[in-house]
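Chain by chain, the residues:
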Amino acid sequence: MKMTTALIKSLTILTKPIREAQLSDGHGTQTALVSALQRNLSELQKHISGDEELAEARQLLEEVRRDITWVCSDTDDLTWSFVQECLLLLLCLARHLNRLLEAFHQNPTAPNPATPEAAPPLSPDVLSVAQQKTLGTVLQFVVTLGLCPYLAPGVGVALGLRSAFGAAVEGAVRHDVAPAGEQRLLITTNVLLEVSALSSLATPVFTRHLGDIMAALCQLAYRPKRPEGDGTNSNKGLTVEERKSCKEALHNLLRKVYQPIVIKELLVLQGGPKQASSGSRGGGKALTQAPAWLRRLCGQLLSDRLMQPQGVQAVVRAILEGTRGGDSDWRKCDAVAKILAACPQQSLSAESYYSQVCPQVLELLHFKDKLTAQQFQRVATRAALIMVQERPEFAQRFLLFPLLSPLHHSAEGTGDDLSQDGVQEWELTRCIEDIYKICVVGSSPSEVLLKALADVISTLFSLFCFTKQNVSHLRTSCQEILIWFLSHSEHSVALSQLKHLCGLLGEVSGVRHGFQFSPGSEGGARLTVREPISDEDDALYEKVSGEQWRVQCLVQLLGEMKDSDLPGEFFLLLLQDLTAVAAEQEEVEQEVDTSSMTLLELEQHLLGRVSGHGQRLALLQVLAIMCDGLPYTQLLRKPTQLTADDYSSMGELLPHLEQISQQHPEPVIQELASDLRATIATHGAYRPKTVPKTATQHTSAQSPAQPAGHSSNSLPARTQSSRVPSRQQDRSQPISHPKHTTDSGATPKVNDIQTTGVIPKYGNSEPSSSKAFTECLLEACDPDVPTRAVALRILTRSVSDGDKEALQNKDKLLTLFLENLEHEDSFVYLSAIQGLAVLADTFPEQILERLLGEYQTGATVGSPKRERSLETRLKVGEVLMRASRAMGDLAPHYGRPLIGVFLSGTRDEDSSVRASGLSNLGELCQRLNFSLGSMAQELSTCLTALIKTDKEAEVRRAAVHVIALVIRGLSDKTTQVLGDVLLELYRALKWVVRSDPDEVAVLHAQIALEELDDVMKRFIFPQQKLEKRIVVLP
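Residues numbered from 1 in each chain as written. Predicted model: local features only at pLDDT ≥ 70, side-chain atom pairs only at ≥ 80, totals over all residues. Heavy atoms only, no water.

- The protein chain is annotated in an unreviewed UniProt entry as Transport and golgi organization 6 homolog of Cyprinus carpio carpio.

### Some details on the overall build of the protein chain
Okay, step 1: Along the backbone of the protein chain there are 46 helices and 2 strands.
Okay, step 2: In the protein chain, which comprises 1034 residues, the share counted as buried stands at 45%.
Okay, step 3: Look at the contacts in the protein chain between residues 6 or more apart in sequence, and 72% of them connect residues 24 or more apart.
Okay, step 4: Accessible surface, the protein chain: about 55,100 Å² in total, of which carbon and sulfur atoms supply 53%. (Helix = DSSP H or I, 4+ residues; strand = E, 2+ residues; numbered from the N terminus. Buried < 20%, exposed > 50% of the residue type's maximum accessible area, 1.4 Å probe, protein only. Contact = heavy atoms within 4.5 Å. Areas by Shrake-Rupley, 256 points an atom, 1.4 Å probe, with all protein chains shown as cover.)

### So, the pairing of strand β1 (residues 515-519)
Okay, step 1: Direction of pairing for β1 relative to strand β2 (residues 525-529): antiparallel, over a ladder of 5 bridges. In the sheet register, F515 faces β2, and the bridge partner there is V529.
Okay, step 2: Where β1 hands over to β2, the hairpin turn is made up of 5 residues, of which G523 adopts a positive phi near 85°. (Pairing = 2+ DSSP bridges.)

### Focus on unusual backbone geometry
Okay, step 1: With a phi angle near 50°, S443 is a residue other than glycine that sits in the positive phi range.
Okay, step 2: Residue position: S443 is located in the loop between α17 (425-441) and α18 (447-454).
Okay, step 3: Exposure remark for S443: the relative accessible area of 43% places this residue in the partly exposed category.
Okay, step 4: Of note in this structure, S971 is not a glycine but carries a positive phi near 55°.
Okay, step 5: Looking at where S971 falls in the secondary structure, it is placed in the loop between α43 (953-970) and α44 (974-977).

### Notes on the packing of helix α19 (residues 457-469) against helix α21 (residues 491-502)
Okay, step 1: Relative orientation of the contacting elements α19 and α21 amounts to 55°, with a least axis distance of 11 Å. What the angle tells us is that α19 and α21 run oblique. Where α19 crosses over α21, the handedness of that crossing is right-handed. For the pair formed by α19 and α21, the contact residues are I457, S458 and F461 on the first element and Q497, H500 and L501 on the second.
Okay, step 2: The class makeup of the residues in the contact of α19 with α21 is 3 nonpolar, 3 polar and no charged. (Axes fitted to C-alpha atoms, helices over the stretch in contact; angles between N-to-C directions. Parallel < 35°, antiparallel > 145°, perpendicular 65-115°, else oblique. Left-handed = near helix turned anticlockwise from the far one by under 90°. Nonpolar A, V, L, I, M, F, W, Y, C, P; charged D, E, K, R; others polar.)

### Describing the side chain of S10
Okay, step 1: Tracing the backbone through its elements, the reader meets S10 in helix α1 (residues 2-14).
Okay, step 2: For S10, a relative accessible area of 4% gives the class buried.
Okay, step 3: When sequence neighbours within four positions are dropped, the list of residues in contact with S10 reads L44, H47, I48 and L89.

### A look at the pattern of salt bridges
Once their charged atoms are close, side chains differing in charge can pair, the charge on each being opposite to the other.
Okay, step 1: Within the structure shown, the criterion is met by 21 salt bridges.
Okay, step 2: In this structure, D1013 engages K1017 in a salt bridge whose closest nitrogen and oxygen atoms are separated by 3.4 Å. Taken together, the residues span about one helical turn, with D1013 and K1017 both in helix α46 (residues 999-1020) at a distance of 4 residues.
Okay, step 3: Judged by relative accessible area, D1013 falls into the partly exposed class, the value being 37%. (Salt bridge = Lys/Arg side-chain N within 4 Å of Asp/Glu carboxyl O.)

### Describing the UniProt feature "domain: RNA polymerase II assembly factor Rtp1 C-terminal" (unreviewed entry) in the protein chain
Okay, step 1: Sites flagged by UniProt as "domain: RNA polymerase II assembly factor Rtp1 C-terminal" (unreviewed entry) map to residues 774-890 and 982-1014.
Okay, step 2: Between the C-alpha atoms that bound residues 982-1014 there is a distance of 14 Å. The span itself is 91% helix and 0% strand. (UniProt positions renumbered as here; feature names shortened; annotations may be inferred.)

### What to know about the state of the cysteines
Okay, step 1: The full count for this structure, using the stated rule, is 0 disulfides.
Okay, step 2: C431 supplies the cysteine sulfur nearest to C478, a cysteine that is in no disulfide, at a spacing of 9.1 Å.
Okay, step 3: A relative accessible area of 0% means that C478 is categorised as buried. (Disulfide = S-S within 2.5 Å.)

### With respect to the nonpolar core
Okay, step 1: Core analysis: the biggest nonpolar cluster contains 186 residues, and L201, V316, I435, L453, F570 and M626 have the highest contact counts within it.
Okay, step 2: Those residues in contact with F570, other than ones at most four positions away along the chain, are L495, L498, K499, C502, L558, V622 and M626.
Okay, step 3: Counting residues in each nonpolar core, the second largest holds 82 residues, with L898, A959, A964 and A1008 among its members. (Core = buried A, V, L, I, M, F, W, Y, C linked by side-chain atoms within 4.5 Å.)

### Considerations on the packing of aromatic side chains
Okay, step 1: One pass over the full model with this rule turns up 7 aromatic pairs.
Okay, step 2: Arranged with centres 5.4 Å apart and planes meeting at 65°, the rings of F82 and F141 form a pair that is edge-to-face. Taken as a pair, F82 in helix α4 (residues 78-106) and F141 in helix α5 (residues 129-146) lie far apart in primary sequence, 59 residues in all.
Okay, step 3: On the basis of relative accessible area, F82 is assigned to the buried category, the value being 1%.
Okay, step 4: Between the NZ or CZ atom of R378 and the centre of the ring of W330, over which it lies, the distance is 3.9 Å.
Okay, step 5: Lying across the ring of F843, K810 places its NZ or CZ 5.1 Å from the centre. (Phe/Tyr/Trp six-rings, centres within 6.5 Å; stacked < 30°, edge-to-face > 60°. Lys NZ or Arg CZ within 6 Å of the ring centre and 35° of its normal.)

### Description of the confidence of the model for the protein chain
Okay, step 1: With 80% of its residues at a pLDDT of at least 70, the protein chain reaches an overall mean of 78.
Okay, step 2: This stretch, residues 275-286, has a pLDDT under 50; its non-local contacts, to residues over four places away or in other chains, come to 17 contacts.
Okay, step 3: With pLDDT under 50 throughout, residues 695-771 is counted as low confidence; its partners more than four residues away or in other chains account for 105 contacts. (pLDDT = per-residue confidence, 0-100.)

### Some remarks on the packing of helix α42 (residues 936-949) against helix α45 (residues 982-995)
Okay, step 1: Put simply, α42 and α45 touch, their axes get as near as 10 Å, and they point 15° apart. Classified by the interaxial angle, the pair formed by α42 and α45 is roughly parallel. For the pair α42 and α45, the sense of crossing is left-handed. In contact with Q937, S940, T941, T944, I947 and K948 of α42, α45 contributes E984, L985, A988, W991 and V992.
Okay, step 2: Looking at the contact of α42 with α45 residue by residue, the classes come out as 5 nonpolar, 4 polar and 2 charged.

### A short note on a nonpolar patch on the surface
Okay, step 1: A grouping of L572, L575, Y632 and L636 is seen on the molecular surface, where their side chains present a nonpolar patch of about 320 Å² in accessible area.
Okay, step 2: Residue classification places L572 among the partly exposed residues on the basis of a relative accessible area of 37%. (Patch = residues over 30% accessible without salt bridge, like charges linked within 9 Å, V, L, I, M, F, W, Y side chains within 5 Å.)

### Some points on helix α3 (residues 55-67)
Three or four residues apart is the spacing at which side chains of an α-helix point the same way, because the helix has 3.6 residues per turn.
Okay, step 1: For α3, spanning 13 residues, the distance from its first C-alpha to its last is 19 Å, which sits close to the expected 18 Å at 1.5 Å a residue.
Okay, step 2: Within α3, the full set of buried residues consists of A57, L60, L61 and V64. An end-on view of α3 places all buried positions within 100° of arc, on one side of the element. Seen from the buried face of α3, the exposed residues on the opposite side, beyond 90 degrees, are Q59 and R66.
Okay, step 3: Each element contacted by the buried residues of α3 is listed here: α1, α2 (29-50) and α4. (Expected span 1.5 Å × (residues − 1). Arc of directions from axis to C-beta.)

### A look at the environment of V240
Okay, step 1: Tracing the sequence through the fold places V240 in helix α9 (residues 240-256).
Okay, step 2: As a C-alpha pair, V240 and A221 span 19 residues in sequence and 9.3 Å in three-dimensional space.

### Some thoughts on the environment of V448
Okay, step 1: Among the secondary structure elements, V448 is positioned in helix α18.
Okay, step 2: The exposure class of V448 is partly exposed, given its relative accessible area of 23%.
Okay, step 3: Residues V448 and E393, 55 residues apart in the sequence, show an inter-C-alpha distance of 9.1 Å.
Okay, step 4: Setting aside residues up to four positions removed in sequence, V448 forms contacts with V388, P392, Q396 and L400.

### Thoughts on the environment of I481
Okay, step 1: Its place among the elements puts I481 in helix α20 (residues 475-488).
Okay, step 2: Residue contacts for I481: discarding those within four places in its chain leaves I432, I435, Y436, V440, L453 and L460.

Below, the structure is given as structure tokens:
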């Protein structure tokens, strides 16, 4: 180590800084630099020759001088003499450290068994921080004085453009004396490369001077020879062997260094076509344009980097590394994408280029790091879209086909090469995510991209239908891709695809025969072998229900296209097909003589008729589901311009409309028929507002659970609970229309209520609104479950909409809803619960008082049994919980009586009532904020007692959950509101974690402790805010 210290000390003497006295008015920068270099060289000679401890260093220095041949002792250039001494000392240091390292590896130091925790021995080539600083200074002098001044104009960045001191350095260097400039450049470059062979010295060399070394190697290896007539010593070229060695050194360097850094330095060397002036710091000089040979060389080297494995990633990292978002990032990403999409001139062929680059572009879509992934996805998306637009033949083969290969493998007719595992979950997930990023996020449709997606659209739709039956993270992506495809395709293509997906153009399953999509372990989907179904009835049921489910999913997909005319155009297309089918049915079928047919001809004739019936039934099914699932405004979104012929053909309706306007019992229908008759008669000159107003009422009257036009024989609860027909249904009945018997003399049907938007009326003695309210009250007591439930929902909506008559009869509605709480059907009593919650939100003071009484006593009208009373109390508790949620900021005002009732419910003998009361208490307390402070002690005592003494696990769970809800609701106000009882609650939670046998209660306690831990962390360590306050003094 003494030798290392001596060499570093010599380098320190050689690079001693210029004294301020030498930079006085009498000496310029250039003169001061030359005198400082002369002084430092003299001091170095005295130091080496006079110190006896440096004998070993002098011996090594003489050994290095004998081994090299490039030392020029009689040069007249002081700067080159200085550079030579620096290079000699660097070579001595490198050889000395290399010898130490070899000896260290040959005789490793044995670890001390007495101190196994001791650190391993330090490598002898490790330098201290001060030594690394000295080494960095020496390298800077070497590059500044021995490398940069000899670079040709335009090669690298000139010294004069880096700093004002660089201009002085250029003036101090003499090019007219030996050795020649290129020889000096070659010597300096070779020495730096030899020094960098040692890892400890390579880091300071390449981290700061990689660009200058690359520029020197490019010039030495590839700069064209100059004219032979120029015979000056400084213009002598290199030998063939020297140029060859420089080429090898350059390529070795490019392979060894981190590729993004190499690409960045090559881009700097290549420069732009026209570079702007540098400004005042460069002395007003302009940046010299890179010579043509250097631009071609850098282009070739960049193409080689790009064509290597992971080359695309290296290029993207080189350009985007260090960016932090913003508009400039978008421009950079677009520029990189254009570079990747354009085949370089140096490539052997376009096919080989795209075959190597396209897979790497797809890999850019799969990064997990958030910032990197966002930038890489931008580049990959833009590059893929540009390739598809500009080079579709290669993009189809090397980009789109690998992108869609999992869907191709899942589709029908792809061969028998699928294994029993089919397509793995990660493959489908990656495929869908990549398609979403390129198509939906990129949002640049092209004919090639849409055509490639059309080939797998059936499989993609089958996957979407599967995700609608399960919880899957692929559902939204599949839906967005399908909507994007249908929105950007031509209308004829989109309509044809919709008919194909509905099965109107033939049977289509989307996946190959014998396989099906199955749930994956990570929330995705995978293609697996379908288990065979032996029962023919079950197989038929699966087929028919699957077809109906596909149609329902397609209608839901069309429902998401609210700003598109495609659903309406598809509906009109189906109506045209239906008109053609009706015309065919009206024709009298000619008698076919089957006696003269062969069996094969007869079979074909019968199969043709059956197939035609099947297609007509499928068409009717699609129309029925569209009318059931899509609103009127979406089906007829695009207005139709009627011609004179249309009005003439509708003239036949005038007598019928006149008859309806005079004889129909409904005033609304009478008015609508009269206005329609006037519009048709005047060919649209008279346009009353009755028709659009009625259409609006028709649309607003539709319920999400039961849209307008749905038959009253189909239960709303059924449409909510299952999208696929029940297996318990009689297969002899049509699957989409289950039947229920009703009395012909019963009250009006539910679908009549929904279709017109008002309650049907018989007679004109009362106003329509009063009659509608009365009819709803009667139907709310109807024994038919659907009728009663829908009537309750209509009454609830009337209250929420502020209907005057409904608000005036709030007491009747309260009694009606309370009576329907006793009903055993969930659809009825849930409708009643919703109605009571709306009433409590509208009239909190009156309704809450009545509900609290019902909750405490548990007895309503006609409920003498204890079981029924218990169920009713729980239902009333549900009403109170919903009312508590709806209170919002009014909870402190109206919630105080509720707390007392809920606390008293915790003493009930039934555990269900105790748990219900605690659940309601938690929902209310988390909204009370500071109003909870006065009741904190009572609340804490109650909860602590229940946690430690109650025998029922569900009650203890509820009590712990109340604490969690209170802490979550108070958040940062917990220490202020619950300051007196916080320790008691904390101890109760810790007791549950340590002692409670119920795992769910322990889990709730852990969650509550985590909430409390977050609150206390924010209280003890508040967030530091860097803010500046401006105070205006009086």
